[in-house]
Amino acid sequence: MNQLKCIIVDDEQVDRLMVVSFAKRFPRLSIVGIFASSQEALTTLEKEKIDIVFLDIDMPGINGIEFRKKALEVPVCVFISGHSEYAAESFDLEALDFIVKPLRFERFERTMQRIEHYFEIQEKAQLFELSFGDNSIYIKEGNEKHKLNMFDILYLEALKDYTLLVTAQKKHCIWSNLGSLLKQESFQFFVRIHKSYAVQKQFVTKSSATELVLINDTVIPIGRNFKENVKMLL
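As a starting point, this report considers the structure included with it. On a predicted model such as this, the values are computed, not experimentally measured, just so you know.

Some words on the overall build of the protein
Point 1. Helices and strands together make up the secondary structure of the protein, namely 7 helices and 16 strands.
Point 2. In terms of its C-alpha atoms, the protein occupies a principal-axis envelope of roughly 55 × 45 × 30 Å.
Point 3. The 234 residues of the protein split such that 47% are buried.
Point 4. In the protein, of all internal contacts separated by at least 6 residues, the share reaching a separation of at least 24 is 50%.
Point 5. Roughly 12400 Å² of accessible area belongs to the protein as shown, and the carbon and sulfur atoms make up 48% of that amount.
Point 6. Mean positive and mean negative side-chain charge positions of the protein (30 and 33 charges, respectively) differ by 2 Å.

Here it is, written out as structure tokens:
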């Protein structure tokens, strides 16, 4: 398995050292830099390709949100902050996870599982091919070809240049970004409710101002820029 290069950015020394100690428990993580300010970290990004950034938000100068806007080329961003009110905005910036301080190892471990899953999907996605049929798609993985009924797909989840097609039984990954996929005629029944999510109306059971609940109890966030789209589902 390839090493995953990460940086840690937090102006609080105790929090910074806590993330370092947890990260060192995972052999696949290679800590390239530990920074007390965003400006220092940005300098490193200009010199080296980084896979993951563990990032505080409330910092002097360039805060974590502004840092992420300048560093969208980093595939995985994990915000670690005491300000939970930033959670919704962080996911609009393609954050993989948002951890509320105080940080606990069990929570960090769950984040690492998500990170491993993300890179596993990224590595496998190039093996997939996609073709279309009547109300179905065909996904080729290696030498095997799977038929997937469009009306079995509960929701779509964007992972940068990839998209997960999630059914009740399995998650299928294809090498296409969500925006391009939704332009396909076969995906006309999906409604985009977030930068990273699109759903089908028949699977929505509950809604609130900030999230939808699907028939399998999956909770999907509603993006601020997609609230008008949600009206199509109600």
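Let us keep going from here.
Quick notes on the pairing of strand E11 (residues 171-174)
Point 1. Bridge analysis of strand E10 (residues 162-166) against E11 gives 4 bridges, and the strand direction is antiparallel. Bridge pairing links Thr 163 to Ile 174 in E11.
Point 2. Joining the antiparallel neighbours E10 and E11 is a turn of 4 residues.

Examining helix H2 (residues 38-45)
Point 1. Where H2 is concerned, the buried positions are Ser 38, Ala 41, Leu 42, Thr 44 and Leu 45. The buried residues of H2 occupy one face: seen down the axis, they fall within an arc of 155 degrees.
Point 2. Tucked inside the fold, the buried residues of H2 contact strand E1 (4-9), strand E2 (29-35) and helix H3 (64-70).

A short note on the sheet that holds strand E13 (residues 197-200)
Point 1. Spatially, E11-E10-E9-E13-E12 is the arrangement adopted by the 5 strands of the open sheet, whose pairing is antiparallel. Two strands lie at the open edges of the sheet, namely E11 and strand E12 (190-194), each paired on one side alone. Averaged over all pairs of adjacent strands, the angle between their axes in this sheet comes to 25 degrees, without regard to strand direction.

Topic: the environment of Phe 26
Point 1. By the element assignment, Phe 26 lies in the loop between helix H1 (13-23) and E2.
Point 2. By relative accessible area, which is 16% here, Phe 26 ends up buried.
Point 3. Sequence separation of Phe 26 and Met 112 is 86 residues, and the distance between their C-alpha atoms is 8.4 Å.
Point 4. Not counting residues up to four positions away in its chain, the partners in contact with Phe 26 are Phe 105, Phe 108, Glu 109 and Met 112.

Focus: the pattern of salt bridges
Point 1. By the definition in use, this model includes 12 salt bridges.
Point 2. A salt bridge links Lys 101 to Asp 56, with the shortest nitrogen-to-oxygen separation between them at 3.5 Å. Of the two residues, Lys 101 is situated in the loop between strand E5 (97-100) and helix H5 (105-125) and Asp 56 in the loop between strand E3 (52-55) and H3; the sequence distance between them amounts to 45 residues.
Point 3. Two residues, Asp 97 and Arg 107, come together in a salt bridge whose shortest N-O distance is 2.9 Å.

Observations regarding the side chain of Ser 38
Point 1. Locating Ser 38 in the fold gives a position in helix H2.
Point 2. Polar side-chain contacts of Ser 38 include one of 2.8 Å to the backbone oxygen of Ile 62.
Point 3. Not counting chain neighbours up to four residues away, the residues in contact with Ser 38 comprise Val 9, Met 59, Ile 62, Asn 63 and Phe 67.

Re the pairing of strand E14 (residues 204-207)
Point 1. By the bridge criterion, 3 bridges tie E14 to strand E15 (residues 211-214) in an arrangement that is antiparallel. By the bridge assignment for E15, Val 204 is matched with Leu 214.

Focus on the nonpolar core
Point 1. Ranked by size, the top nonpolar core spans 43 residues in total, and within it Leu 29, Ile 52, Phe 54, Phe 108, Ile 115, Ile 193 and Val 199 carry the most contacts.
Point 2. A per-element tally of this core places H5 first, with 7 residues.
Point 3. The next biggest cluster of nonpolar side chains, apart from the first, holds 21 residues, and it includes Phe 35, Ile 50, Phe 67 and Val 74.

Procedures and definitions
- Residues numbered from 1 in each chain as written.
- Predicted model: local features only at pLDDT ≥ 70, side-chain atom pairs only at ≥ 80, totals over all residues.
- Heavy atoms only, no water.
- Helix = DSSP H or I, 4+ residues; strand = E, 2+ residues; numbered from the N terminus.
- Buried < 20%, exposed > 50% of the residue type's maximum accessible area, 1.4 Å probe, protein only.
- Contact = heavy atoms within 4.5 Å.
- Areas by Shrake-Rupley, 256 points an atom, 1.4 Å probe, with all protein chains shown as cover.
- Lys, Arg positive; Asp, Glu negative; His and termini not counted.
- Charge placed at Lys NZ, Arg CZ, Asp CG, Glu CD.
- Pairing = 2+ DSSP bridges.
- Arc of directions from axis to C-beta.
- Axes fitted to C-alpha atoms, helices over the stretch in contact; angles between N-to-C directions.
- Salt bridge = Lys/Arg side-chain N within 4 Å of Asp/Glu carboxyl O.
- Polar contact = N/O pair within 3.5 Å; in protein donor to acceptor, adjacent residues only side chain to side chain.
- Core = buried A, V, L, I, M, F, W, Y, C linked by side-chain atoms within 4.5 Å.

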